[in-house]
Amino acid sequence: MDRRPRIGLLETPIARLAFIRPELLAALAGLFLFVQSALERLTFLPGPIERLISSSDEGVLVVLLAWVAARAWWRSERLRLPAVLWPLAVMLLVALAGTILNRVPPDQAALGTFLALKAPLWLVVGANLEVSPRDLRRYATLIGALFAAAAIIGVVQLLGLDLPWTTHLRRSGDIAATSIFNQHTVFGSAMAVGVGLAVAGLLDPPSRRRAVVLLAATVIGGLISTTRRLLVSLPLSALALIRSLRLPIVTPARVARGRAVLSRRSAQILLALAVVASVGIAAVVVAPRVVHLVGATWDEYVINASTRDRYELYGGAFRLVADSPVVGRGPGTYGSWASVVYKSPVFGQVGVHLKVGLRTGAPYASLLAEFGLLGAAAFMAFVALLYRALIRVARRTGELAAAIAGGAAFMVVDMVIESVVHVSFVDSFAAFFVFVGAGLALGAMAQSQAAAPSSPAGIDSPSSPASDGATSAS
């Protein structure tokens with residue numbers, strides 16, 4: 001007998017789809033996020049349709065959260081909430097206190113809080129999805145192909161071919177590829193997510209060859225996007241993951257002993273190709289481009305520091321924290337998308353008079369200003385606990401959950417660094433792929449430990465249902 005709960009959400013077609021197969025809706029959401037940015041920047045779309053497209057990702061998140069909660073209730077099960085979420089209870093209390101003390105309108109505060117917690121909410125969704133290892137690998141292959149295609153489109157743009165999405169001329173004079181995202185910094189961050197997927201693939205034996213191709217494509221995509229923060233975030237993320245997992249570095253000696261990540265033959269071919277490609281690309285394209293970007297960055301952020309919008313945003317945030325250090329000015333009031341939507345007067349109160357498009361370029365400034373020192377500390381505690389939990393899963397080598405956790409851990413470090421100047425944690429594209437993946441990995445570990453505490457946890461654990469081809473990744 002079909003005993004689905006009769007709740008208001010079932011009145012909408014998208015919610016019916018979620019109840020029929022929520023994993024399908026989550027998969028479609030990932031595909032949609034690839035084209036969302038491309039569609040909303042096509043100039044011929046009517047305004048209402050453009051606004052619907054730009055906000056639909058939050059709608060899908062709400063529907064999926066409602067679904068996993070309803071399913072847990074109907075099955076008389078507890079909603080799977082990873083233990084790393086507990087610091088966010090503190091953040092919610094801070095948000096409530098900041099709303100009351102600063103008399104922030106409830107709808108504005110609710111939107112600001114929701115957006116600040118978007119990444120953890122995707123984590124909850126991922127932890128409650130049920131996906132087989134085979135389907136996960138197939139979906140990752142499809143998504144990886146889309147990442148590679150986006151990089152190829154960026155290269156085509158730089159070659160001067162006509163596309164609906166054009167290149168961008170930076171202040172430094174460099175031409176930056178934008179791919180389908182039509183914004184070079186968004187393109188760069190998307191390529192960083194692709195690198196994270198490639199890292200997961202490298203840690204998953206059946207996926208390594210495809211992962212090498214994806215890694216090459218996304219690194220090239222990041223370089224041609226001229227997104228400068230990636231020059232710092234990606235190498236540091238790789239070093240953090242190598243150190244945390246104690247990964248062996250591929251060297252000729254290790255190849256000879258068969259201890260490399262790749263097989264001996266594959267590693268030899270890869271090393272030869274890498275040497276030839278690296279020398280050619282570095283001599284002709286990469287080195288001059290990187291040197292020029294570093295010089296332009298020094299000029300913009302050191303020589304001409306007084307003109308930088310992000311310094312102005314951080315300055316305003318520090319003034320707000322000085323006035324209300326514990327709980328901040330309240331959610332949705334400064335530096336967030338909600339503060340822009342509600343035309344928050346707080347910007348003017350601290351002497352920040354930037355254009356609307358420049359008011360969300362300093363996420364940590366927004367976090368400090370809206371949630372104070374206590375709220376910011378709570379969010380960073382969540383990030384630190386998440387990274388530690390992911391590393392614990394990733395150390396269980398040879399399992400799909402470990403590979404996913406490794407890729408997610410890599411991206412958590414990247415997002416922490418990028419968030420100095422880019423809205424990584426509240427960006428639906430990055431948050432979906434990173435935190436749904438993290439939720440799948442943590443959920444798989446919890447489910448496996450509950451079923452067989454004495455066996456290693458993981459989506460591919462022999463003692464888990466995965467060995468029969470239909471596991472719960474939650």
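Here the structure is shown first, and the text comes after it.
A quick note: this is a predicted structure, and the numbers were derived from the prediction, not measured. (Residues numbered from 1 in each chain as written. Predicted model: local features only at pLDDT ≥ 70, side-chain atom pairs only at ≥ 80, totals over all residues. Heavy atoms only, no water.)

## Considerations on the environment of A116
- Within the secondary structure, A116 sits in helix α5 (residues 106-116).
- Contact partners of A116, with chain neighbours within four places excluded, come to M91, F371, F379 and V426. (Helix = DSSP H or I, 4+ residues; strand = E, 2+ residues; numbered from the N terminus. Contact = heavy atoms within 4.5 Å.)

## What to know about the pattern of salt bridges
- By the definition in use, this model includes 4 salt bridges.
- One salt bridge connects E58 with K118, and the closest N-O pair in it is separated by 2.7 Å. Separated by 60 residues along the polypeptide, E58 in helix α3 (residues 47-74) and K118 in helix α6 (residues 118-127) bring together distant segments of the chain.
- Overall, E58 belongs to the buried group, its relative accessible area being 16%.
- Classification of K118 as buried rests on a relative accessible area of 3%.
- Connected through salt bridges with shared partners, the residues D57, E58 and K118 form a single ionic network. (Salt bridge = Lys/Arg side-chain N within 4 Å of Asp/Glu carboxyl O. Buried < 20%, exposed > 50% of the residue type's maximum accessible area, 1.4 Å probe, protein only.)

## As for the environment of L93
- Relative to the helices and strands, L93 resides in helix α4 (residues 87-102).
- Residue class for L93 comes out exposed when judged on its relative accessible area of 60%.
- Once the C-alpha coordinates of L93 and G375 are considered, the two residues, 282 residues apart in sequence, prove to be 8.7 Å apart.

## Regarding the packing of helix α8 (residues 184-202) against helix α10 (residues 230-245)
- At their nearest, the axes of α8 and α10 sit 11 Å apart, and the two run at 15° to each other. Here α8 lies roughly parallel to α10, going by the angle between them. Our pair here, α8 against α10, has a crossing hand that is right-handed. Between α8 and α10, the residues in contact are G188, S189, A192, V195 and V199 and L230, L234 and L241, respectively.
- In terms of residue class, the contact of α8 with α10 is made up of 6 nonpolar, 2 polar and no charged. (Axes fitted to C-alpha atoms, helices over the stretch in contact; angles between N-to-C directions. Parallel < 35°, antiparallel > 145°, perpendicular 65-115°, else oblique. Left-handed = near helix turned anticlockwise from the far one by under 90°. Nonpolar A, V, L, I, M, F, W, Y, C, P; charged D, E, K, R; others polar.)

## Quick notes on the packing of aromatic side chains
- Inspection of every chain in the model, using the stated rule, returns 16 aromatic pairs.
- Aromatic side chains F181 and F187 sit 6.2 Å apart centroid to centroid with 20° between the ring planes, which places their arrangement in the stacked category. A single burial state applies to F181 and to F187, both of which are buried.
- Among the aromatic residues, those joined into a cluster by ring pairs are F34, W122, F147, F181, F187, F429, F432 and F433.
- Here the guanidinium or amino end of R359 rests over the ring plane of F347, the centre of that ring lying 4.6 Å away. (Phe/Tyr/Trp six-rings, centres within 6.5 Å; stacked < 30°, edge-to-face > 60°. Lys NZ or Arg CZ within 6 Å of the ring centre and 35° of its normal.)

## Some details on the packing of helix α16 (residues 363-394) against helix α17 (residues 400-418)
- Between α16 and α17, the least distance of the axes is 9 Å, while the angle of their chain directions is 155°. Classified by the interaxial angle, the pair formed by α16 and α17 is roughly antiparallel. Here the hand of the crossing between α16 and α17 comes out left-handed. Where α16 abuts α17, its residues Y364, M380, V383, L386, Y387, L390, I391, V393 and A394 lie against A401, A402, A405, G406, A408, A409, V412, V413, M415 and V416.
- Its residues assigned to classes, the contact of α16 with α17 comprises 18 nonpolar, 1 polar and no charged.

## Thoughts on a positive patch on the surface
- A surface patch of positive charge is lined by R243, R246, R388, R392 and R395.
- Its place among the elements puts R388 in helix α16.
- Take R388: its relative accessible area is 52%, and that puts it in the exposed class. (Patch = residues over 30% accessible without salt bridge, like charges linked within 9 Å, V, L, I, M, F, W, Y side chains within 5 Å. Areas by Shrake-Rupley, 256 points an atom, 1.4 Å probe, with all protein chains shown as cover. Lys, Arg positive; Asp, Glu negative; His and termini not counted. Charge placed at Lys NZ, Arg CZ, Asp CG, Glu CD.)

Fair warning: the whole summary comes from geometry, so function is off the table for now.
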